[in-house]
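Commentary on secondary and tertiary structure
Below, each chain spelled out in residue letters.
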Amino acid sequence: MARVELESIGKSFGDTAVLSGINLDVEDGEFLTLVGPSGCGKSTLIRIIAGLEPQTSGRIRIDGAPVDDLRPHERRVAMVFQSYALYPHLSVFANMALPLTMQRLSLWERLPLLRLLSARRRRVMPGIAQEVRSVAAQLQIEPLLLRRPAQLSGGQRQRVALGRAMVRHPGVFLMDEPLSNLDAKLRVHMRSELTELHQRLKSTFVYVTHDQVEAMTMSDRVAMMDAGRILQLGTPAELYARPANVTVAQFIGSPA
Ligand code: ADP
Ligand code: MG
């Protein structure tokens, strides 16, 4: 069964259409990459799946159920951002524990908890600390748990952002250019780490990049986008061997 089903998704900002007629099924356990030039609508699409941005038209189902009326934390997805989006005043541990803590608290309990966390009087619920340590061990960031984000390298911050997504055990990981702030050497290393992580977790990844090498080397399937549409969907080998048109061929670098 498809984990994520997008049906006729359209999005406009004011009079400007940025996505139109997006139909896409992401299969359970697959690594699907949205690739395309800057401004083609990749971030907008992944934010719509995450529930961070409402679509103008169309429907989304996750695990077979409509999620259009669900808020981000109610959808079984976790988002990893290019900018990491870590809380600077919280430790690595608190950054990673926060989604779990928020998940287990009712709305009226959340505000005082945030104040407590920022006052550095951490009160961690049983089970959460264990989960955070276990994920930190998998990502080899256990020694960093008491540091602040400012005391970490780019690669370490990216691991923390991944860890914060992993603690929730989401069915679907949504990643928007997670490696683009890293230097070239680390980026290459993190590509293979992400591929390994995907195989180990057996989760579904929807991955956004404008880098065709990333798309072609990491993905089970690639959706090549341009100007708010999907031009072609297929395995990297299919896109390379049989590009649907000149735009795909040029972007992928297929032989003319
Ligand atoms: P990509 O991630 O592929 O680079 P985006 O999804 O960020 O592309 O943007 C697609 C288009 O939508 C761009 O033309 C961008 O300027 C526009 N856009 C994105 N977000 C907004 C917004 N909040 N308001 C108006 N236009 C936006
Ligand atoms: Mg983007």
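Read on for a plain summary of the structure. If you're wondering where the values come from, they're calculated on a predicted model, not measured in any experiment. (Residues numbered from 1 in each chain as written. Chains lettered and ligands numbered in written order. Predicted model: local features only at pLDDT ≥ 70, side-chain atom pairs only at ≥ 80, totals over all residues.)

What to know about helix α5 (residues 154-166)
As a reminder, the rule being used: Numbering of helices and strands runs from the N terminus; a helix is a DSSP stretch of H or I covering at least four residues, while a strand is a stretch of E covering at least two. To estimate the expected span of a helix, count its residues, drop one, and scale the result by 1.5 Å. With C-beta atoms placed from the backbone, a residue counts as buried when 20 or more other C-beta atoms lie within 10 Å of its own, as exposed when 12 or fewer do, and as partly exposed for counts between those limits.
With 13 residues, α5 extends 18 Å between its outermost C-alpha atoms, agreeing within 8% with the 18 Å of an ideal straight helix rising 1.5 Å per residue. Along α5, 10 of the 13 residues are buried, which leaves the element largely enclosed by surrounding structure. Every buried residue of α5 is accounted for by Arg 157, Gln 158, Arg 159, Val 160, Ala 161, Leu 162, Gly 163, Arg 164, Ala 165 and Met 166.

Considerations on the environment of Val 77
Locating Val 77 in the fold gives a position in strand β6 (residues 77-80). Its 25 C-beta neighbours within 10 Å are what place Val 77 among the buried residues.

Comments concerning unusual backbone geometry
Positive phi, normally seen in glycine, also occurs at Asp 63, with a value near 50°. By the element assignment, Asp 63 lies in the loop between β4 (57-62) and β5 (65-66). A positive phi angle, near 45°, is found at His 169, a position not held by glycine. Structurally, His 169 is set in the loop between α5 and β7 (172-176).

Quick look at the site of ligand 1
Operational definition: Residues are classed as near a molecule or strand if the C-beta position derived from their backbone is within 6 Å of it. Three residue categories are used. Nonpolar comprises Ala, Val, Leu, Ile, Met, Phe, Trp, Tyr, Cys and Pro, charged comprises Asp, Glu, Lys and Arg, and polar comprises the others, including Gly.
Around ligand 1 lies a shell formed by Phe 13, Val 18, Gly 36, Ser 38, Gly 39, Cys 40, Gly 41, Lys 42, Ser 43 and Thr 44. With three residues, helix α1 (residues 42-50) is the single largest residue contributor to the shell around ligand 1. Of the residues assigned to the shell around ligand 1, the class counts are three nonpolar, six polar and one charged.

Quick look at the sheet that holds strand β2 (residues 16-27)
Quick note on the threshold: Strand pairing requires that DSSP identify at least two bridges connecting the strands.
Spatially, β2-β1-β4-β5 is the arrangement adopted by the four strands of the open sheet, whose pairing is antiparallel. The open sheet has two edge strands, β2 and β5, and neither has a second partner. Bridge count between strand β1 (residues 2-13) and β2: eight bridges; the pairing is antiparallel. Residue Ile 9 lies in a different strand from β2, and its bridge partner there is Ile 22.

Things to note about the pairing of strand β3 (residues 31-35)
Buried residues dominate β3, accounting for five of its five residues. Residues of β3 alternate between two faces, with Phe 31, Thr 33 and Val 35 on one and Leu 32 and Leu 34 on the opposite face, all of them buried. For β3 and strand β9 (residues 221-226), the ladder comprises four bridges, and the chain directions are parallel. The residue of β9 that forms the bridge with Thr 33 is Val 222.

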